[in-house]
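# Observations on chain architecture
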Amino acid sequence: MEQAFQRTQVLTNHLLQSSSPLPSQTLSSNACLSYSPPELSENCAFDVKEMRKLIDGHNLEERDWLFGLMKQSELFNPKVKGGKVFVSPDYNQSMEQQREMTLKRIKYLQERGVFKGWLTEKGEEIEMRKFAGFEVFSIYDHSLFTKLGVHFPMWGGAIQFCGTKHHHDKWLRDTENYSIKGCFAMTELGHGSNIRSLETVTTYDSNTGEFVINTPCESAQKFWIGGAAKHATHTVVFSQLHINGINQGVHAFIVQIRDVDGNICPNIRIADCGHKIGLNGVDNGRIWFDNVRVPRENLLNSVADVSPDGKYLSSIKNPDQRFAAFMAPMTVGRVNIAIGAVYQSKVALAITIRYALTRRAFSLKPNEPEVLLLDYPSHQRRLFPLVAKTYAMSFAANYLKVLYAKRTPQSNKAIHIVSSSFKATFTWNNMQILQECREACGGQGLRTENRVGHLKGEYDVQSTFEGDNFLLMQLVCKALFAEYMAAQKRNRVFKGLGLEHMNKPCPVIPSQLTSTTLRCSQFQMDALCLRERDLLNRFVADVLKCKAKGENTEQAFNSCYELAKDLGRAFSERAIFQTFVEAESTLPAGSLKDVLGTLRSLYASICIEDVSFLRYGYLSVDNGANVRREITKLCNELRPHALALISSFGIPDAFLGPIAFNWIDTNSWSLV
């Protein structure tokens, strides 16, 4: 009993921090770790607001207004943690609950005029406003971003670009007001990327003036159709159009799939795709059509039409050119996915670096304070190259948005190629960044409330959304091959896609790379152009060799897929770097330009560190080692700017995770 009393007394003294412990047995308390906001210790050498203007590029006030709308509504699930309010979806809700909350959030935004003019106004200004909105949605929730992406740029965009005036007058305003809820029925169970081989069949009945749509086999069922399982009232159906026994290729038709009461329309069957590893706020569904009849006017006929008596009409006689013209306007899906990936990278890095500026681990010497995570060179090496990538992607995304907003028929090909390249590169980079940030946050990165880990599951699908990334890169390489062959055949210079460097003398990498050389923007551009130029020459030569052996063009491209992979990356990284240099060139001399130059050098260095520079002999082993050492130096130079660099992302605190702030108070017993 006495021993038990002594133990009780010792614990009491410890817990109450008594100044008179028992002389025979003491239990003293150590000073606990305390949270210190990084703002108290981190300096800011450049103007964060000016940097945000540069990387966001446009519509800053509208973004902040939209952030505010979301923060002030209970629909966006505000929670107080550690004395701060955070908004993020409740991913612990059931799939059905997440879907309904996504729909309610859309209605809330619609009622407050967020989507005003998105489909009924035209011009660069409205396009950039839409892009800004989607970037904000991507910061909050991938399901909100995706469901709106399906409704506006996909369903609404198909009507805008593939339809004509009577379609616009009938459908666009109701779509903008969300009284019609649209989806986009292109992908099938048996065909995703290979759109030309879709199996859904549509015929024309001249007796009634109707198109008849059928799902002839199970592999033709429309699959992964966002919005179809529960909420969509209408869809655009992509189908092979058969006229008088002749297949005229893929065309698009407007089909109502639910009535005003939400009942599925006759001769249509819809099933749920079920629970997914992420994106459960989107109701993906499967659709079958059994002799579904729609009026002749429901054919989206900007490229081709069918007369009342059943004659096929199109000014574009070549089926390949007709298909290309038909699909060209749909690139907005890839543009949106690319820019969304950039902003998710920003969220992850902002959370992870703020945590690394306050979390300590291990002492370098006895009795010394533990070291901040971001003061370890290894941690800097993990994260700062990803920050440089994200800045580079921001400038490239801004370039892509302007290219799309100012599009003309002549620029459609460039938009198609650049958006394919950037979508693949940005989404791959995003998954790399999310994984590295998850690991850099340790166990806290696994907690859903801290966002970083959960975002991996939410955004993994980006790698196959709107085209599998590997196939998109092959598409880019085919386009580069065509440009090369056209230039040679017509004996003309390269023009467009940034390939003008092919007209100049081949750059030479110095035999010994110094720090000064490695930081020179001209050397960096030369190195990236050299790789792209050489790989394009190699790719063309290998494809032609395969064709000389009797392979057709597609077989030859498939045989050269390894070179194509490297060439696609070389094209993308050179194009991204070019936008970085152009953005930097707009700045006057000063601290902002200085830190951006360091980021530019870091981005170029991690591109040059790629194994392809050694594989193809552009760098010696010694120069490869010099590049690696330079990366370490650049990371160390960016360390004082860490907080300012992520603050420039312009993401409100509420849209980050609790781990980014007072993670000790957030996890205190009082909040359990």
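Here the structure is a predicted model, which means the values were calculated and not measured.

### Topic: the overall build of the protein chain
Each helix and strand counted, the protein chain has 22 helices and 15 strands in total. In terms of C-alpha radius of gyration, the protein chain reaches 28 Å, essentially the compact-globule figure of 26 Å for 672 residues. Structurally, the protein chain occupies a C-alpha span of about 105 × 70 × 45 Å along its principal axes. The buried share of the protein chain, taken over its 672 residues, is 56%. In the protein chain, the share of contacts with a sequence separation of at least 24, taken over all contacts with a separation of at least 6, comes to 73%. On the protein chain, roughly 29,300 Å² of surface is accessible, and the fraction owed to carbon and sulfur atoms is 52%. Side-chain charges in the protein chain split into 76 positive and 68 negative, and the spacing between the mean points of these groups amounts to 2 Å.

### Regarding the UniProt feature "domain: Acyl-CoA oxidase C-terminal" (unreviewed entry) in the protein chain
Sites flagged by UniProt as "domain: Acyl-CoA oxidase C-terminal" (unreviewed entry) map to residues 525-657. Within residues 525-657, the helical portion is 77% and the strand portion 0%, while the C-alpha atoms at the span's ends are 37 Å from each other.

### So, the domain arrangement of the protein chain
What the domain assignment lists for the protein chain is domain 1 (182-311) and domain 2 (327-488 + 511-667). Look at where the C-alpha atoms of domain 1 and domain 2 centre, and you get two points 37 Å apart. At the interface, seven residues of domain 1 touch ten residues of domain 2. Taken as a group, Ser193, Ile277 and Leu279 account for 61% of the area that domain 1 buries against domain 2, more than any other trio of residues on that side. Here domain 1 and domain 2 share zero salt bridges between them. Each residue belonging to the side of domain 1 that touches domain 2 can be placed in one class, and the counts come to five nonpolar, two polar and no charged.

### Here we look at the sheet that holds strand 9 (residues 268-272)
Strand order across the open sheet formed by three strands is 6-10-9, with antiparallel pairing between neighbours. Every other strand in the sheet has two partners, leaving strand 6 (222-226) and strand 9 as the edge strands with one partner each. Each neighbouring strand pair of the sheet contributes to a mean axis angle of 35°, computed without reference to strand direction.

### Considering the nonpolar core
In terms of nonpolar packing, the biggest core is built from 203 residues, with Leu109, Phe137, Tyr391, Phe426 and Phe539 touching the most fellow members. When residues of this core are sorted by domain, at least three fall in each of domain 1 (182-311) and domain 2 (327-488 + 511-667). Sequence-distant contacts of phenylalanine 137, that is, excluding residues within four places in its chain, are made with Leu66, Leu109, Val114, Phe115, Trp118, Leu144, Phe145 and Leu148.

### Structural notes on the packing of helix 2 (residues 48-56) against helix 10 (residues 377-405)
Between helix 2 and helix 10, the least distance of the axes is 8 Å, while the angle of their chain directions is 50°. Compared by their axis directions, helix 2 and helix 10 come out oblique. Packed against helix 2, whose contacting residues are Met51, Leu54, Ile55 and Asp56, the element helix 10 presents Tyr391, Ser394, Phe395, Asn398 and Lys401 at the interface.

### Thoughts on the UniProt feature "domain: Acyl-coenzyme A oxidase N-terminal" (unreviewed entry) in the protein chain
Using the residue numbers shown here, the UniProt feature "domain: Acyl-coenzyme A oxidase N-terminal" (unreviewed entry) corresponds to residues 88-180. Summarising residues 88-180: 72% helix, 0% strand, and an end-to-end C-alpha distance of 27 Å.

### Side note on the pairing of strand 8 (residues 246-256)
Of all eleven residues making up strand 8, eight are buried, and the element is well covered by its neighbours. Relative to strand 8, strand 7 (residues 234-243) is paired through nine bridges, and the arrangement is antiparallel. Bridge pairing links histidine 234 to glutamine 256 in strand 8. Connecting strand 7 to the antiparallel partner strand 8 that follows it, the hairpin turn spans two residues, and asparagine 244 within it adopts a positive phi of roughly 50°.

### Some remarks on the packing of aromatic side chains
This model, assessed by the stated rule, comprises 30 aromatic pairs. Between the aromatic rings of phenylalanine 223 and tryptophan 224, the centroid separation amounts to 5.3 Å while the plane-to-plane angle is 75°, which identifies the pairing as edge-to-face. Residue classification places phenylalanine 223 among the buried positions, given a relative accessible area of 16%. Relative accessible area serves as the criterion here: at 47%, tryptophan 224 is assigned to the partly exposed category. Put simply, the rings of Phe115, Trp118, Phe134, Phe137, Phe145 and Phe152 touch in pairs and so form one group of aromatic residues. The ring of phenylalanine 661 is capped by lysine 84, whose NZ or CZ atom sits 4.6 Å from the centre of that ring. In this arrangement the basic side chain of lysine 346 is found over the ring face of tyrosine 343, its NZ or CZ atom lying 4.0 Å from the centre.

Conventions we followed
- Residues numbered from 1 in each chain as written.
- Predicted model: local features only at pLDDT ≥ 70, side-chain atom pairs only at ≥ 80, totals over all residues.
- Heavy atoms only, no water.
- Helix = DSSP H or I, 4+ residues; strand = E, 2+ residues; numbered from the N terminus.
- Rg over C-alpha atoms; globule rule 2.2 N^0.38 Å.
- Buried < 20%, exposed > 50% of the residue type's maximum accessible area, 1.4 Å probe, protein only.
- Contact = heavy atoms within 4.5 Å.
- Areas by Shrake-Rupley, 256 points an atom, 1.4 Å probe, with all protein chains shown as cover.
- Lys, Arg positive; Asp, Glu negative; His and termini not counted.
- Charge placed at Lys NZ, Arg CZ, Asp CG, Glu CD.
- UniProt positions renumbered as here; feature names shortened; annotations may be inferred.
- Domains from an automatic or database assignment.
- Buried area = accessible area lost by both parts, 1.4 Å probe.
- Salt bridge = Lys/Arg side-chain N within 4 Å of Asp/Glu carboxyl O.
- Nonpolar A, V, L, I, M, F, W, Y, C, P; charged D, E, K, R; others polar.
- Pairing = 2+ DSSP bridges.
- Axes fitted to C-alpha atoms, helices over the stretch in contact; angles between N-to-C directions.
- Core = buried A, V, L, I, M, F, W, Y, C linked by side-chain atoms within 4.5 Å.
- Parallel < 35°, antiparallel > 145°, perpendicular 65-115°, else oblique.
- Phe/Tyr/Trp six-rings, centres within 6.5 Å; stacked < 30°, edge-to-face > 60°.
- Lys NZ or Arg CZ within 6 Å of the ring centre and 35° of its normal.

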